[in-house]
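One-letter residues, chain by chain:
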Amino acid sequence: MTENPDLLGLMIESANADSKSEDQLNGSLKGLSKEEMSGQGILFFIAGFDTTLSSLIHIIYYLTQYPEWQDRLYQELTELQDEISYDTLKNLKVLNAIINETLRLRPPLIEFHREAKADCELLDTGIKIPKDTLIIIQPYSIHRNAEYFPDPLEFKPERFFEKETSPENHFAFAPFGYGQRLCVGMRFAQNELRIGLAKFILNYKVEAEKGLELEYYNGSILMSAKRLPVTISERQAHGITTPE
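Residues numbered from 1 in each chain as written. Predicted model: local features only at pLDDT ≥ 70, side-chain atom pairs only at ≥ 80, totals over all residues. Heavy atoms only, no water.

Peer 1: Give me the overall build of the chain: which residues, what numbers.
Peer 2: The secondary structure content of the chain amounts to 7 helices and 6 strands. Listed by position from the N terminus, the elements making up the chain come as α-α-α-α-α-β-β-β-β-α-α-β-β. Counting all 244 residues of the chain, 36% fall into the buried class. If you take every contact in the chain between residues at least 6 apart in sequence, the share linking residues at least 24 apart comes to 66%. Accessible surface, the chain: about 15500 Å² in total, of which carbon and sulfur atoms supply 53%. (Helix = DSSP H or I, 4+ residues; strand = E, 2+ residues; numbered from the N terminus. Buried < 20%, exposed > 50% of the residue type's maximum accessible area, 1.4 Å probe, protein only. Contact = heavy atoms within 4.5 Å. Areas by Shrake-Rupley, 256 points an atom, 1.4 Å probe, with all protein chains shown as cover.)

Peer 1: Explain the packing of helix α3 (residues 67–78) against helix α5 (residues 93–105) residue by residue, including any values.
Peer 2: The relative placement of two packed helices is expressed as an angle between their axes plus a distance between the axes. Between α3 and α5, the least distance of the axes is 8 Å, while the angle of their chain directions is 140 degrees. Taken together, the axes of α3 and α5 are oblique relative to one another. Along the contact surface, α3 presents Trp 69, Arg 72, Leu 73 and Glu 76, while α5 presents Lys 93, Val 94, Leu 95 and Ile 98. Broken down by class, the residue content of the contact of α3 with α5 amounts to 5 nonpolar, no polar and 3 charged. (Axes fitted to C-alpha atoms, helices over the stretch in contact; angles between N-to-C directions. Parallel < 35°, antiparallel > 145°, perpendicular 65-115°, else oblique. Nonpolar A, V, L, I, M, F, W, Y, C, P; charged D, E, K, R; others polar.)

Peer 1: A description of the nonpolar core should follow, citing residues and the corresponding values.
Peer 2: In terms of nonpolar packing, the biggest core is built from 38 residues, with Leu 63, Leu 73, Leu 77, Leu 89, Ile 98 and Leu 197 touching the most fellow members. Elements with a minimum of two residues in this core: α2 (34–65), α3, α5 and α7 (186–203). The element best represented in this core is α7, accounting for 8 residues. (Core = buried A, V, L, I, M, F, W, Y, C linked by side-chain atoms within 4.5 Å.)

Peer 1: Could you give an account of the confidence of the model for the chain, naming the residues involved and the relevant values?
Peer 2: Considering every residue of the chain, the mean pLDDT works out to 84; 84% of them sit at 70 or more. Confidence over residues 19–29 falls short of pLDDT 50; this stretch has 6 contacts with residues more than four positions distant or in other chains. (pLDDT = per-residue confidence, 0-100.)

Peer 1: If you had to explain the pattern of salt bridges to someone new, which residues and values would you point to?
Peer 2: Enumeration according to the criterion identifies 4 salt bridges in this entry. Among the ionic pairs, Glu 115 bridges to Lys 117, the shortest N-O distance being 4.0 Å. Residue classification places Glu 115 among the partly exposed positions, given a relative accessible area of 44%. A relative accessible area of 65% means that Lys 117 is categorised as exposed. (Salt bridge = Lys/Arg side-chain N within 4 Å of Asp/Glu carboxyl O.)

Peer 1: I'd like a description of empty space enclosed by the protein, backed by residues and values.
Peer 2: To find leftover empty space, one rolls a probe the size of a water molecule over the atoms. Tallied over the entire structure, the rule returns 1 cavity of 30 Å³ or more. The space that makes up the largest cavity amounts to roughly 40 Å³. Every element with two or more residues in the lining of the largest cavity is listed here: α2 and α7. Ranked by residues supplied to the lining of the largest cavity, first place goes to α2 with 3 residues. In terms of residue class, the lining of the largest cavity is made up of 5 nonpolar, 3 polar and no charged. (1 Å grid on protein atoms, 1.4 Å probe; cavity = no way out; pocket = protein on both sides within 12 Å on 5 of 7 lines; lining within 4 Å. Points joined across faces, edges and corners; volume = space filled by probe spheres on them.)

Peer 1: Talk me through the packing of α5 against α7; I want residue IDs and the actual numbers.
Peer 2: Two elements in contact, α5 and α7, have axes whose closest approach is 11 Å; the angle formed by their N-to-C orientations is 115 degrees. Crossing of α5 over α7 shows right-handed handedness. Of the residues in α7, those in contact with Leu 95, Asn 96 and Ile 99 of α5 are Leu 193, Arg 194 and Leu 197. Across the contact of α5 with α7, the residue classes break down as 4 nonpolar, 1 polar and 1 charged. (Left-handed = near helix turned anticlockwise from the far one by under 90°.)

Peer 1: Now, about the side chain of Gln 70: what can you tell me, with residues and values included?
Peer 2: As for its placement among the helices and strands, Gln 70 is situated in helix α3. Here the side chain of Gln 70 touches Arg 235 through a polar contact of 3.4 Å, side chain to side chain. Beyond its immediate sequence surroundings of up to four residues, Gln 70 is in contact with Leu 63, Thr 64, Ile 201, Tyr 204, Lys 205, Val 206 and Arg 235. (Polar contact = N/O pair within 3.5 Å; in protein donor to acceptor, adjacent residues only side chain to side chain.)

Peer 1: I'd love a proper account of the packing of aromatic side chains, names of residues and values included.
Peer 2: Here the structure, examined in full by the defined rule, presents 7 aromatic pairs. Within the aromatic cluster, the residues linked to one another by ring pairs are Tyr 61, Tyr 62, Tyr 66 and Phe 155. In this structure, Arg 72 packs its charged tip against the face of Trp 69, placed 4.3 Å from the ring centre. Arg 235 extends its terminal NZ or CZ atom over the ring of Tyr 74, reaching a point 4.0 Å from the ring centre. (Phe/Tyr/Trp six-rings, centres within 6.5 Å; stacked < 30°, edge-to-face > 60°. Lys NZ or Arg CZ within 6 Å of the ring centre and 35° of its normal.)

Peer 1: An account of the environment of Phe 171 is needed here, citing residue identities and associated values.
Peer 2: Tracing the sequence through the fold places Phe 171 in the loop between α6 (139–142) and α7. Between the C-alpha atoms of Phe 171 and Tyr 148, which are 23 residues apart in sequence, the distance is 9.8 Å.

Below, the structure is given as structure tokens:
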């Protein structure tokens, strides 16, 4: 078992694998090169920032269309005292519910792909999937299925309030994918969204035209809005500090 469970630690451990025996590597003959490590690191940040930007734009959009949730979020943030830490943000009910509901309605990637490595059958459905079949999974469609999400087209962050019944507990909610190929940047993206949204709402109020419809680029799997015209006004000083 690795002594460094995070991504960077795993890459360093793999890079050092060249000096280990085949038995220590469980049959692997080569670790990551420095070039491969650099490539993985660059991809990690590019993928994290592009998708996070798309998600943050959609969060701002919903907060302008549902200003009562913007007010609730601001109240939740101002009720905290002193510095807001990453651990504090992780446990804020309204903040995380708004983020999750936005990811449900407007996932950053409208689809992701998997390949069957062996013949298999989907539980007791009788549906058989041959080896090497490319499987296309569309979170955008699944997230709008009324069987799993009552009132699927409505923006209702409260559906994520109770941990026992939260959609986070089942596979129908998959903005980051799931399983062994779960998005490696999930926690990075979640922390970006939490701190970015908290700092913004603590310092600014945002408004937009009611009923505004977003336009998107055709042919892209990244759900990125072309533009979001908003009016931003500065709030009064609140005395709360947030991590950089």
